[in-house]
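This is what each chain is made of:
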Amino acid sequence: MTDANLLNAIVNPFIESAERDGFNGVVASALLRLQPNPEKLRTSLSAFIRDGQITAVFSRLSVNMHIKRFPDHSAEEQLRLLVDEPLKEFCLYPTASVVRPRVDLSAWQDRPFSKALLLAEAQLSFRAFDMGALERYVADPRYDVSFNDYMGRMWVTNEFFGDAQHPERDKVSLQSFGLGFDGQRNPYVIVYLRYLAGLSAEHQQYWNSYLIGGDVRMSKPYFSSSIQGEFWNNRSVRHAIVEEMRLIRALTEAIWGRSLFRAPPQGGVPIGLTTFLRPTAENFNRFVMALDKLLSDSIDGKFFEGKVPLETETARPDGKIVVQKKGTLTLLEEWLLQEIIWSDPAAFRKVVIQPLREVRGLRQKPAHTFTPDTFSAEYRTKREQLLWSVFNSLSNIRATFAKHPSAGNIPIPDWLDNGSIDVF
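Residues numbered from 1 in each chain as written. Predicted model: local features only at pLDDT ≥ 70, side-chain atom pairs only at ≥ 80, totals over all residues. Heavy atoms only, no water.

1. Considerations on the overall build of the protein chain
Scanning the protein chain from terminus to terminus reveals 15 helices and 12 strands. Per-residue burial for the protein chain yields a buried fraction of 46% across its 424 residues. Sequence-distant contacts in the protein chain: of pairs separated by 6 or more residues, those separated by 24 or more amount to 73%. As displayed, the protein chain offers around 21,300 Å² of accessible surface, 50% of which is attributable to carbon and sulfur atoms. Taken together, the 50 basic and 50 acidic charged side chains of the protein chain have centroids lying 1 Å from each other. (Helix = DSSP H or I, 4+ residues; strand = E, 2+ residues; numbered from the N terminus. Buried < 20%, exposed > 50% of the residue type's maximum accessible area, 1.4 Å probe, protein only. Contact = heavy atoms within 4.5 Å. Areas by Shrake-Rupley, 256 points an atom, 1.4 Å probe, with all protein chains shown as cover. Lys, Arg positive; Asp, Glu negative; His and termini not counted. Charge placed at Lys NZ, Arg CZ, Asp CG, Glu CD.)

Written out as structure tokens, the structure is:
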């Protein structure tokens, strides 16, 4: 047995596995069939590691040694463990330097992310993409795209997955994607190589066209949940708004016997409320519409019955009386001014009412006028400003209601008031 044969026994199975989309390593103990002397085997493997021809993944350091999930540990650390780690407890992988001469890389050009794994990159390395990459799937009803504040997933629907007429190349999914930021806090979609490699060649090329260079870092909550397996306490500003509305529902129910807000619809976060959108006029309008539905459309007009007049009466020049229903924001403003003594009504209107009216006004503008689509980072800034002002409005309402003697013992999460809220 020569060292060349031993190296082939590591490299060739990996390449064969890669061609089946496996990218699996070889268990060291399987090489005993070529070199039955364990100490001589370890000596040869150590030489391969020192020469940069192979790397080792140890079960004590990885939940699954059969795939290379993370970047390699240092050669020194690998050599230290190789001394006495049981041979059945670690797998071996070739490095890019020994794979390149053995494969026709041109056959992998249309699958750039599979090619990266073939060249021994870690499966949980990630790539960053412009937000526009997702919009193809959001706009196509054949795909479902679900969102959280910092992560999401995409998949072809069952109907079209089982449809023989739907092209196989388009039967794709991403088990997970997440949120990343550059140094200027510009957001990007980040996807692990493992999931990108599962896309068809056509979709790998599509995603590759949106690839972003430069230093993009994974958001902390996505890292904590997807890499460290830790449960992240959702403290995004969007979630904070939803939480404030929940508390206001509970408080108004306890104090006045009826909730100010209706219960929110079940399901995932609407696309308009996520940050997984490019900063365009169309996407900003989508955001405003989703935010207004969450806010003023959720106000229960019946809550104000018997509290303030629900209609206005206006005399026309001909003497007839025109009766009009008041909008929910008008009812809210009149009721809050009547129910609570504000030290500065003008400040109340600016802090509490104005943000809600601004959202409503922004929603109505595209509904009544034609506006061309434009791209500007200012839409992202405006989005964040609106979310913060709406949160501040609801926070003030909730804090005021919580002082009512009939508010009961409704617990208020500390994080709502201590400033530990993330902007996504």
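Resuming the write-up.
2. Let's talk about the sheet that holds strand β1 (residues 26–27)
The strand order β1-β3-β2 describes an open sheet built from 3 strands, whose pairing is antiparallel. Edge positions in the sheet fall to β1 and β2 (54–58), since each of these pairs with one other strand and no more. Pairing of β2 with strand β3 (residues 90–94), which is carried by 5 bridges, proceeds in the antiparallel orientation. Note that in β3 the partner of Phe58 across the bridge is Phe90. Contacting β1, β2 and β3, helix α1 (residues 3–19) crosses the sheet at an angle of about 80° to β3. Against the sheet, helix α2 (residues 38–50) contacts β2 and β3, and its axis sits at roughly 115° relative to β2. (Pairing = 2+ DSSP bridges. Axes fitted to C-alpha atoms, helices over the stretch in contact; angles between N-to-C directions.)

3. Observations concerning unusual backbone geometry
Where the residue is not glycine, phi is negative for most of them; where a peptide bond is considered, it is trans in most cases. At Asp21, a residue that is not glycine, the phi angle is positive and equals roughly 70°. When you line up the elements, Asp21 lands in the loop between α1 and β1. Of note in the backbone geometry, Ala120 takes a positive phi value of approximately 70° without being a glycine. Relative to the helices and strands, Ala120 is located in the loop between α5 (112–118) and β4 (126–129). On the basis of relative accessible area, Ala120 is assigned to the buried category, the value being 12%.

4. Details of the nonpolar core
In terms of nonpolar packing, the biggest core is built from 122 residues, with Leu45, Trp207 and Leu336 touching the most fellow members. Each residue touching Leu336, except ones within four places of it in the same chain, is listed here: Trp342, Phe348, Val352, Ile353, Ile397 and Phe401. (Core = buried A, V, L, I, M, F, W, Y, C linked by side-chain atoms within 4.5 Å.)

5. Comments concerning the environment of Met154
Relative to the elements of secondary structure, Met154 occurs in strand β6 (residues 151–156). Assessed through its relative accessible area of 1%, Met154 is described here as buried.

6. Brief notes about the pairing of β3
Taking burial as the measure, the 5 residues of β3 include 5 buried ones, the bulk of the element. The alternating pattern of β3 places Phe90, Leu92 and Pro94 and Cys91 and Tyr93 on opposite faces, both of which are buried. Bridge count between β1 and β3: 2 bridges; the pairing is antiparallel. Paired with Val27 across the two strands is Cys91, which belongs to β3.

7. Overview of the packing of aromatic side chains
Under the definition given, this model contains 26 aromatic pairs. Residues Tyr192 and Tyr222 carry aromatic rings whose centres are separated by 5.7 Å and whose planes lie at 20° to one another, so their mutual orientation is stacked. Pair noted here: Tyr192 is in strand β8 (residues 187–192) and Tyr222 is in helix α10 (residues 220–226), with a separation of 30 residues, a long-range link. A relative accessible area of 3% means that Tyr192 is categorised as buried. Residue classification places Tyr222 among the buried residues on the basis of a relative accessible area of 1%. Each residue in the set Phe113, Phe129, Tyr137, Tyr143, Tyr206, Trp207 and Tyr210 is aromatic and connected to the rest through ring pairs, giving one cluster. Between Arg153 and the ring centre of Trp155, over which it is positioned, the NZ or CZ distance is 4.1 Å. (Phe/Tyr/Trp six-rings, centres within 6.5 Å; stacked < 30°, edge-to-face > 60°. Lys NZ or Arg CZ within 6 Å of the ring centre and 35° of its normal.)

8. Considerations on the packing of helix α12 (residues 281–294) against helix α15 (residues 378–402)
For the pair α12 and α15, interaxial distance at closest approach is 10 Å and the crossing angle is 10°. As the angle between them shows, α12 and α15 are arranged roughly parallel. Of the residues in α15, those in contact with Ala281, Phe284, Phe287, Val288 and Leu291 of α12 are Tyr379, Lys382, Arg383, Leu386, Leu387 and Val390. Partitioning the contact of α12 with α15 into residue classes produces 9 nonpolar, no polar and 2 charged. (Parallel < 35°, antiparallel > 145°, perpendicular 65-115°, else oblique. Nonpolar A, V, L, I, M, F, W, Y, C, P; charged D, E, K, R; others polar.)

9. Side note on the pattern of salt bridges
Note on pairing: side chains with opposite charge can pair once their charged atoms come close. With the rule as written, the count across this model stands at 25 salt bridges. Where Asp72 meets Lys68, a salt bridge forms, and the shortest distance between an N and an O atom there is 3.3 Å. The residue Arg349 makes a salt bridge to Glu333 at a minimum N-O spacing of 2.8 Å. Here the residue Arg349 occupies a position in helix α14 (residues 345–368), and Glu333 occupies one in helix α13 (residues 328–339), the gap between them amounting to 16 residues. (Salt bridge = Lys/Arg side-chain N within 4 Å of Asp/Glu carboxyl O.)

10. Considerations on the side chain of Ser46
Tracing the backbone through its elements, the reader meets Ser46 in helix α2. Other than its neighbours up to four places away in sequence, Ser46 contacts Leu79 and Leu82.

11. Regarding the layout of surface pockets
Put simply, the largest pocket is a space of about 480 Å³. Broken down by secondary-structure element, the contributors of at least two residues to the lining of the largest pocket are α11 (237–256) and α12. (1 Å grid on protein atoms, 1.4 Å probe; cavity = no way out; pocket = protein on both sides within 12 Å on 5 of 7 lines; lining within 4 Å. Points joined across faces, edges and corners; volume = space filled by probe spheres on them.)

12. What to know about empty space enclosed by the protein
Counted according to the given criterion, the structure contains 3 cavities of 30 Å³ or more. In this structure, the largest cavity occupies an estimated 120 Å³ of space. Looking at the largest cavity, it is lined by 14 residues, and the ones nearest its centre are Leu277, Arg278, Pro279, Tyr379 and Arg383. Tallied by class, the residues present in the lining of the largest cavity amount to 6 nonpolar, 5 polar and 3 charged.

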